Structures are given as C-alpha cells and as structure tokens.
Amino acid sequence: LIPFNRLGATLEFRKEVLSQIDNLLISGVYLNGKYTDSFEEKFAQLIGVNHASAVSSGTAALTLALRSLNLPKGSKLITTANSGGYARISAELNGLETHYVDVDLNGLLDVRSISHELLLNARVMIVTHMYGQCANLKEITSICKKFDILLIEDCAQSIGAKFEDRMVGSFGDLATFSFYPTKNLGGIGDAGMVVTDSLELIQKVRSLKQYGWKSKYFCETPHGDNLRIDEIQALILSFKLPNLLDYNKKRLKIWEKYLHAINGKNLRLIGKNSDCFVAHLAVIDAGSHRERLKKFLNNYGIETAIHYPFLDFEQPGLRISPTPKLENSEYLSKSILSIPLFPNLEDHEVEYICEKLSEYEMQ
Ligand SMILES: Cc1ncc(COP(=O)(O)O)c(C=O)c1O
C-alpha cells in the first residue's frame, strides 16, 4: 500500500533532534522561550516580512489575523468556498459576514467573479493559495487597494511559493500559515504563524494570542484568547525550516513525474512547473472520471484523498442563505482527486504510481 502521507519521523531526524528536545525538557521553559523567538525571526526572514508571531494552529492564525483588524461586527468578508472552511470558521469567530466568490479552474480566487456591489461593501478578503499554487496577487492586491479592502493571504498550502520573485505571505496586510503535520513545513502536532509588515498589527496579534495581555496579568486588548505555540513545536519547526525549500523541490520533482505520466490523457494535473508552485498536493482534475480513477488507484493499493469533497456552504455547520451559485467551485469539488505527494516517497513508489496512472484507460 502507498499511503497518502507517511508522517513517522526518520531515524536520522530523531537522532539529531532528540538531544535538543532533552535540553528543552530539562530547561523547564515550555512556552514563550528562545525557540519560539528564533523560529519567528527566521520565518519572517524567509518570507521577507518585518514581523512574525507563532501561534497554536493555522485556524488560530486566521482568527487572530482577522481579530487584529478590529472590524465592526457584521463586516463583509470575501473568500472562496473550496478552501476547507478555515476562513469561514475564523470569520464566524470574529462575527464577520462571509461572502463566497468563485474560483478559476485551478481552484484559485477569481477576482472577476466578485460583484461590484460586494467590492464596494466588503472590508476584508481572505485569499487561499490552494494546493501549493499562488493566486493572482497582482490582480488581487490591485483590486483590494482600489476598493479599500484589507487582504489576508492564507498560505497554509503554499509556504515557500513565489509570486514574481517575492514569497507568498508578503503581499497581504497580514498572512497566515499552518504547520499541521502534513503541510510542507509540518510540526508534530498543531501550530501556525501570522506575518505582517505592520508593527501595530503584530503587536495586536501578540497580545490577542495571550489573553489580550499587555504585560503579565494585565489585559489591555479585548477578546484575547490562549492561542500560543509550544516551545517543543517551535524547536521541531526551527529544525526543519532550513530544509523546507529543498523538500519543496523534491515535491515538485515528483509532481513533474506525475505530469509526464498522465500526458496525452484527458486528465489535468493542477499546478505549474515553476517557482510559483510548491507542490503541496498533486490534484488531478479528472472530470467525470473521478470515482473511476479513484477506484482504479485504490485497487492497486494507492491511497487517494479529495481536497475538498464539499464546498463550505454544502455542510450543515457552514450553511449560508441564499446558497451561492459558484460554477467552477462546484465543478472542481466533484472532479478533483489528490494522489500521494510527500518528499519521502520512495523512487520505486513514485514509479509505481506513474506506471498505474499511465495504464489508466480513459473511455
Ligand atoms: C488552506 C488552509 N487554511 C487553513 C488551514 C488550517 O490550519 P490548521 O489545521 O493548522 O488549523 C489549513 C489546513 O489544515 C489549510 O489547508
């Protein structure tokens, strides 16, 4: 069986990191320590922003980023419905009103699908860089500027991707990241990051992630919470960070092999062979073949997944009324299939997946 992910740490990694973990255990500093500080510093450098604040998850990062903007309750937020529901959840936690817009056939927010009325009334947009790609940040930043809409980039799936020579995460007023174990930079549990160039906003995030404190036991900012990162996650993530770009390259190499394997078939692998793609997921647009291709691969022991099988508003907990009509989002949710893509896939496993993909017969 080839699993969709294989997360167990390698012996080599464990050997190197265990002595550092041992020192951390002895030190007794489990929160707000040197590992968090240095991880934030290195991360901000990598993305090319002034400030970074490490938090407890990608969803916490989105929630804190929105909360730092201090928008009135009921403010309108623009986002997409195919991106896992995280933006919507963070909007709900901040009392904001979500307005869904459509995506292009790569699953990325399409500015052309935003009505003029919504542009005039919206206060904030969350754009999700799906599957390892970059949304069209040129169009998005220019429309946000023109209509005075604040922009948050959700980079959970695209860490290290570049748009015109700058890292994603450096374009929005704020940007968020997730270090969920399967992400391109994955922890051994939950963690996330908020980045921004604004000192004022990062100070808000730092306060809000720790009860709204200005200093210990003195709450200055309303609606604070406890959404800190643990030192042990910061240690693990700092340790992995220097290898991120190499691992992204490995992912892209595997993705390119898949691209080659489906050549000539009526299957479309979403993504690009360039710096603006970090191959977080290998997503095939299989059109009406999705279920058949899934069964075919599963029968040969290749695990698959769907990112994501339901649009936000198709789920009971995320309904809105009236139900939006989003053609491309609906098409993709019924047509996409993700196949295994992680850096420690063995060569022979990649070859096997390629072989099965090329054997698949379209009818
Ligand atoms: C695009 C996107 N945004 C947000 C999240 C939420 O991150 P977390 O699971 O760390 O809360 C995820 C992944 O889980 C994601 O893929």
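Residues numbered from 1 in each chain as written. Predicted model: local features only at pLDDT ≥ 70, side-chain atom pairs only at ≥ 80, totals over all residues. Heavy atoms only, no water.

Things to note about the pattern of salt bridges
Side chains that carry opposite charge are capable of pairing whenever their charged atoms lie near each other.
Move 1: Across all of its chains, the model carries 13 salt bridges by this definition.
Move 2: Here Glu349 and Arg6 are joined by a salt bridge, their closest N and O atoms 2.4 Å apart. Of this pair, Glu349 sits in helix 12 (residues 347–359) while Arg6 sits in the segment before helix 1 (11–27), and the two are 343 residues apart along the sequence.
Move 3: Residue Glu349 is classed as buried on the basis of its relative accessible area, which comes to 8%.
Move 4: On the accessibility criterion, Arg6 (31% relative accessible area) is partly exposed.
Move 5: Between Glu359 and Lys356 there is a salt bridge, with its nearest N and O atoms 3.2 Å apart. Here Glu359 pairs with Lys356, and both are found in helix 12, just 3 residues apart, close to one helical turn. (Salt bridge = Lys/Arg side-chain N within 4 Å of Asp/Glu carboxyl O. Helix = DSSP H or I, 4+ residues; strand = E, 2+ residues; numbered from the N terminus. Buried < 20%, exposed > 50% of the residue type's maximum accessible area, 1.4 Å probe, protein only.)

Focus on the side chain of Asp154
Move 1: Within the secondary structure, Asp154 is located in strand 5 (residues 150–154).
Move 2: Buried and unpaired, Asp154 has Lys183 as its nearest opposite-charge partner, separated by 7.8 Å.
Move 3: Within polar-contact distance, the side chain of Asp154 engages the backbone nitrogen of Ala156 at 3.0 Å.
Move 4: When neighbours within four sequence positions are excluded, Asp154 is seen to be in contact with Leu62, Ile126, Val127, Thr128, His129 and Thr176. (Lys, Arg positive; Asp, Glu negative; His and termini not counted. Polar contact = N/O pair within 3.5 Å; in protein donor to acceptor, adjacent residues only side chain to side chain. Contact = heavy atoms within 4.5 Å.)

Some remarks on helix 11 (residues 327–335)
Move 1: Every buried residue of helix 11 is listed here: Ser329, Glu330, Leu332, Ser333 and Ser335.
Move 2: As for helix 11, its buried residues are in contact with strand 12 (268–270), strand 13 (282–285), helix 10 (290–299) and strand 14 (336–339).

Details of the sheet that holds strand 9 (residues 192–196)
The strands making up a sheet associate through hydrogen bonds between their backbones, and the pairing can be parallel or antiparallel.
Move 1: Spatially, 1-9-8-5-4-2-3 is the arrangement adopted by the 7 strands of the open sheet, whose pairing is mixed. Each of the sheet's edge strands pairs with one partner strand only, and the pair in question is strand 1 (51–55) and strand 3 (97–101). Adjacent strand axes in the sheet meet at a mean angle of 20 degrees when their direction is disregarded.
Move 2: Note that strand 8 (residues 174–178) and strand 9 share 4 bridges and pair antiparallel. Paired with Ala175 across the bridge in strand 9 is Val195. (Pairing = 2+ DSSP bridges. Axes fitted to C-alpha atoms, helices over the stretch in contact; angles between N-to-C directions.)

Remarks on the sheet that holds strand 13
Move 1: The 3 strands lie next to each other as 12-13-14, forming an open sheet whose pairing is antiparallel. In this open sheet, the two strands that pair with only one neighbour each are strand 12 and strand 14. Adjacent strand axes in the sheet meet at a mean angle of 35 degrees, parallel and antiparallel pairs treated alike.
Move 2: Pairing of strand 12 with strand 13 involves 3 bridges; the strand directions are antiparallel. Paired with Leu269 across the two strands is Ile284, which belongs to strand 13.
Move 3: Docked against the sheet, helix 9 (residues 244–261) engages strand 12, strand 13 and strand 14, running at close to 165 degrees with respect to strand 12.
Move 4: Strand contacts of helix 11: strand 12, strand 13 and strand 14, with the helix running at about 45 degrees to strand 14, the strand carrying the most contacts.

Re the packing of helix 2 (residues 34–47) against helix 8 (residues 231–240)
Move 1: Following both chains from N to C, one finds helix 2 and helix 8 inclined at 40 degrees, their axes separated by 8 Å at the closest point. As far as their axial angle goes, helix 8 and helix 2 are oblique. By crossing handedness, the relation of helix 2 to helix 8 is classed as left-handed. For the pair helix 2 and helix 8, the contacting residues are Lys34, Tyr35, Thr36, Ser38, Phe39 and Lys42 in the first and Glu231, Ala234, Leu235, Leu237 and Ser238 in the second.
Move 2: Among the residues forming the contact of helix 2 with helix 8, the class breakdown is 5 nonpolar, 3 polar and 3 charged. (Parallel < 35°, antiparallel > 145°, perpendicular 65-115°, else oblique. Left-handed = near helix turned anticlockwise from the far one by under 90°. Nonpolar A, V, L, I, M, F, W, Y, C, P; charged D, E, K, R; others polar.)

Things to note about the pairing of strand 9
Move 1: Summarising burial for strand 9: 5 of the 5 residues are buried, a large majority.
Move 2: By the alternation rule, side chains of strand 9 split into Gly192, Val194 and Thr196 and Met193 and Val195, which are all buried.
Move 3: Inspection of the sheet shows strand 1 paired to strand 9 by 5 bridges, in the antiparallel sense. Bridging from a neighbouring strand, Val55 pairs with Gly192 of strand 9.

Structural notes on the side chain of Lys356
Move 1: Residue classification places Lys356 among the buried residues on the basis of a relative accessible area of 8%.
Move 2: Setting aside residues no more than four positions away along its own chain, Lys356 makes contact with Phe296, Leu297, Tyr300 and Ile302.

Comments concerning empty space enclosed by the protein
Move 1: Inspection of the entire model under this criterion finds 1 cavity of 30 Å³ or more.
Move 2: Considering only enclosed or pocket space, the largest cavity measures out at about 30 Å³ in volume.
Move 3: If you go around the largest cavity, the residues you meet are Asn82, Tyr131, His307, Tyr308, Leu311, Leu332, Ser333 and Ile336.
Move 4: Considered class by class, the residues forming the lining of the largest cavity number 5 nonpolar, 3 polar and no charged. (1 Å grid on protein atoms, 1.4 Å probe; cavity = no way out; pocket = protein on both sides within 12 Å on 5 of 7 lines; lining within 4 Å. Points joined across faces, edges and corners; volume = space filled by probe spheres on them.)

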